[in-house]
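# Tertiary structure, described
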Amino acid sequence: MKASIATKNATVLVISVVLLAALLSFFSLTTLTNKIQEEITSKMIADASHRMNKVDRFFFERLSDIRLLTADRYGILSNDIYTTDEKIKYLQTIQKKKKVYESISLYSVEGIKIGDSKEIGVGNNISDQIYYKYAITGFIYVDEKPIHSDELQANVIHFSGPVYSPNGTIKNILVFRFLIDTINRIVTDDANPDFDTTMDLVDQEGSIIYSNHRLSGDSVANLEIFRKVKGSYTGSATSIEQLGEEETLIVAVQQTGYEEYIGEKWVLLMGVPKRIAFASVSELKKRTIVLTGLFLGVVLSLSLLLSHFITKPITELSESAKKLAHGKFTTKVNINSGDELQQLGEVFNQATDSLAESEKKREELEKIKARFMSMVTHELKNPVAAMLMTLRMMVENQFGKFTKKQDKWIKMLFSSTTQLSNILEDFMVFSKLGQARLQFAFQKTDLTPNIRNLVMEMRGVDPEKNLDMQLKMGKLPVFEVDPSRVMQVLRNIINNAIKFSNKNGKIIVRVERKEKHLLFSVQDFGRGIAKEHQKTLFEPFNQGADSTFKDYGGSGLGTTICKGIIECQKGKIWFDSELGKGTTFFFTVPYKPVKKIKPIKSMLVG
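Now for a description of the structure that goes with this document. None of these values were measured; they are calculated from a predicted model. Throughout this description, residue numbers start from 1 for each chain and increase along the sequence as written. In keeping with the predicted nature of the model, local features appear solely for residues at pLDDT of at least 70, side-chain atom pairs appear and are counted solely at 80 or more, and the whole-chain, interface and lining totals rest on all residues. Heavy atoms throughout the structure, all of them, feed into the side-chain values; hydrogens and water do not.

## Regarding the overall build of the chain
Helix numbering and strand numbering both begin at the N terminus, where a helix is a DSSP run of H or I of at least 4 residues and a strand a DSSP run of E of at least 2. Helices and strands together make up the secondary structure of the chain, namely 15 helices and 18 strands. Only protein chains enter the area calculation, which uses a 1.4 Å probe; residues under 20% of their type maximum are buried, those over 50% are exposed, and those in between are partly exposed. Across the 606 residues of the chain, 45% fall into the buried class. Long-range pairs, those at least 24 residues apart, make up 64% of the contacts in the chain between residues at least 6 apart in sequence. For the accessible areas, the method is Shrake-Rupley and the probe is 1.4 Å, while residue cover comes only from the protein chains on display. Accessible surface, the chain as shown: approximately 32900 Å² in total, 53% of it carbon and sulfur. Residue contacts are defined here by distance: any two heavy atoms, one from each residue, within 4.5 Å place the two residues in contact.

The structure is reproduced here in structure tokens:
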């Protein structure tokens, strides 16, 4: 029996939909696997950064130790009422308590060792050593790389500093030594032995300080990954390199320092075989290919039946495949034809189950990131607030007057702590927006005085620029709104306009009454925003898109928070910008408030 035109059309439709579904499935698979690979790489970078941070904290603690001992002009080391033996016993007590120093030595100002916690090398002269030369001029010194100690017959790091007499003159040189093996243990602590992880700790010139797979004395200066991290603004880089017979995922993280210890610009390279690092991705690809192959085989077999009732199930499959391509991994088909088409529907559902499970894991990871951000921010808030309060009291001389030099450093520390407090506040608001926990205090009010006061306040920001800030506003209605949140958005946008305006420039703030909302706009005539950076302006931490923006500091969350506050109230926010001619930001505030706020899912994923 010849097939009818309708049957032929149905057959063509079946084949077309099958091919479309396959293409969409592979597209979804590619998108998902790319995300998983990015998350795995990010996790490795975070692990390497954590290890390097532990090294930095260790060095900071050692720096604190020697500063405390050398700063006390009336302590045991500075006071002549104590004999040399008593001072050495004191150093032995410190060595035993700290458990990290291999030896602690005391030298005369001529560089002659007069005592040692291990009672070795007494009488040796170190006046030609760089750690002596720095200390005798009044500086605290830290080795940039390990130095071989003939006395200890091992590679060590020296910390040295001057010991002052009560009258302010240098009377001795104090030197701490600890074995470089201590750093090696910190770097490799908790490494997974099943992952064949390679570790390379190198100095800023690329010479190996420690490696668990290279020869001592090797250099990585010519490796592309080393050059990438040295030239990276973020201090991290990734690459896939051939190590032996294995393709290896390598991440590199540069030392950033901790508190007062600025670091020696060491680099940690961590590598995991690609087959192990991306094992979950490979498995997902294999399963999806098998399921897709089975999917195609079943549907193509069904097309041979040349039956008109194929059209409806195939249409359902096509629509479901489109939903799958848009990330709706819970999409299901319900085909009860009792034939191969029903089998095809079941295979399709298996494929979506597999993708849905992967998407669920990704969402769980995002929730963990959100909880981590919230926890860290709240844990830091109280100590930073206490620091800020204490520093403010010191700036106001409530503890007595300081010297000019002390006052200068206290004010610098107060400024930095204030900036840290503002960044933490941004992180708290950012976290609350993503979890629908940001509080709004709605009240019926006319925003006119709030706007006028804010514009007057912002005119005093950066007086050196001599900006002409104009306010153009008609009569505003009384409606239910949270004034502080609206002013938070307006302040942030005006502040950005001030930052990016030229000297003697102009800023125009407009507020217009519309039928269902107020329309705010802030226009500047400054630098403008390049087109390639406009798409990511409202994304979290978007300052990374344009390195010149880094000059202005901040958390990189300002525009993201503004977008979150406005959109959770069903308002809109956008901008027009032309490079070299300026930028105008717009946002609307609806007259009807939204009191039941929903989480903004994009807040964490960008």
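Here the narrative resumes, following the displayed structure.
## What to know about the sheet that holds strand β10 (residues 246-254)
The criterion for strand pairing is that DSSP finds at least two bridges linking the strands in question. Read across the open sheet, the five strands follow the order β8-β7-β11-β10-β9; overall the sheet is antiparallel. Sheet topology places β8 (208-211) and β9 (236-243) at the edges, where each strand pairs with a single neighbour. Along the sheet, successive strands turn relative to each other by an average axial angle of 20 degrees, direction set aside. Here strand β7 (residues 198-202) pairs with β8 via three bridges, running antiparallel. Bridging across to β8, Val202 finds its partner in Ile208. Across the sheet, helix α4 (residues 180-188) touches β7, β8 and β11 (267-273), and the angle it forms with β7 is around 135 degrees. Lines fitted to C-alpha atoms define the axes here, with helix axes fitted over just the stretch in contact, and angles between the N-to-C directions of these axes take values from 0 to 180 degrees.

## As for the pattern of salt bridges
Salt bridge, as used here, is a side-chain nitrogen of Lys or Arg placed within 4 Å of a carboxyl oxygen of Asp or Glu. Taken as a whole and assessed by the stated rule, the structure comprises 22 salt bridges. Ionic pairing is found between Glu260 and Arg67, a salt bridge with its closest N-O pair at 2.3 Å. In this pair, Glu260 is assigned in the loop between β10 and β11 and Arg67 in helix α1 (residues 5-71), connecting sequence segments 193 residues apart. According to the relative accessible area criterion, Arg67 is partly exposed, its value standing at 33%. The closest approach of N and O atoms between Lys563 and Glu567, which form a salt bridge, is 3.1 Å.

## Considering α4
Those residues of α4 that sit buried are Ile180, Thr182, Ile183, Asn184, Ile186 and Val187. Positive backbone phi, at 65 degrees, marks Asp190, one or two positions downstream of α4.

## Description of the nonpolar core
Soluble, globular proteins show a tendency: their nonpolar side chains are buried together. Throughout this description, the term nonpolar core refers to a set of buried Ala, Val, Leu, Ile, Met, Phe, Trp, Tyr and Cys residues connected via side-chain atoms within 4.5 Å. Counting residues in each nonpolar core, the largest one holds 51 residues, and the members touching the most others are Phe59, Phe159, Leu174, Ile183 and Leu201. Residue contributions to this core peak at 14 residues, all from α1. Residues in contact with Phe159, not counting those within four places in the same chain, are Phe59, Arg62, Leu63, Ile66, Tyr141, Val142, Leu174, Val175, Phe176 and Phe178. In terms of nonpolar packing, the next biggest core, distinct from the first, is built from 39 residues, Val481, Val489, Val511 and Ile565 among them.

## Looking at empty space enclosed by the protein
Buried and open spaces are told apart on a 1 Å grid over the protein atoms alone, a cavity being a set of points where a 1.4 Å probe fits but cannot get out and a pocket being an open set with protein on both sides within 12 Å along at least five of seven lines. Residues with an atom within 4 Å of a point are the lining residues. Grid points are joined across faces, edges and corners, and a volume is the space filled by probe spheres set on the points. Within this structure, the stated rule accounts for four cavities of 30 Å³ or more. Counted as a void, the largest cavity has a volume near 130 Å³. Forming the walls of the largest cavity are 15 residues, and the residues nearest its centre are Phe440, Val481, Val486, Gln569 and Val589. Residue assignment for the lining of the largest cavity shows that the elements contributing at least two residues are β14 (479-481), α12 (483-499), α14 (558-567) and β18 (582-590). Of all the elements, β18 adds the most residues to the lining of the largest cavity, at three residues. Residues are grouped as follows: Ala, Val, Leu, Ile, Met, Phe, Trp, Tyr, Cys and Pro are nonpolar; Asp, Glu, Lys and Arg are charged; all remaining types, including Gly, are polar. Residue classes in the lining of the largest cavity are distributed as nine nonpolar, three polar and three charged.

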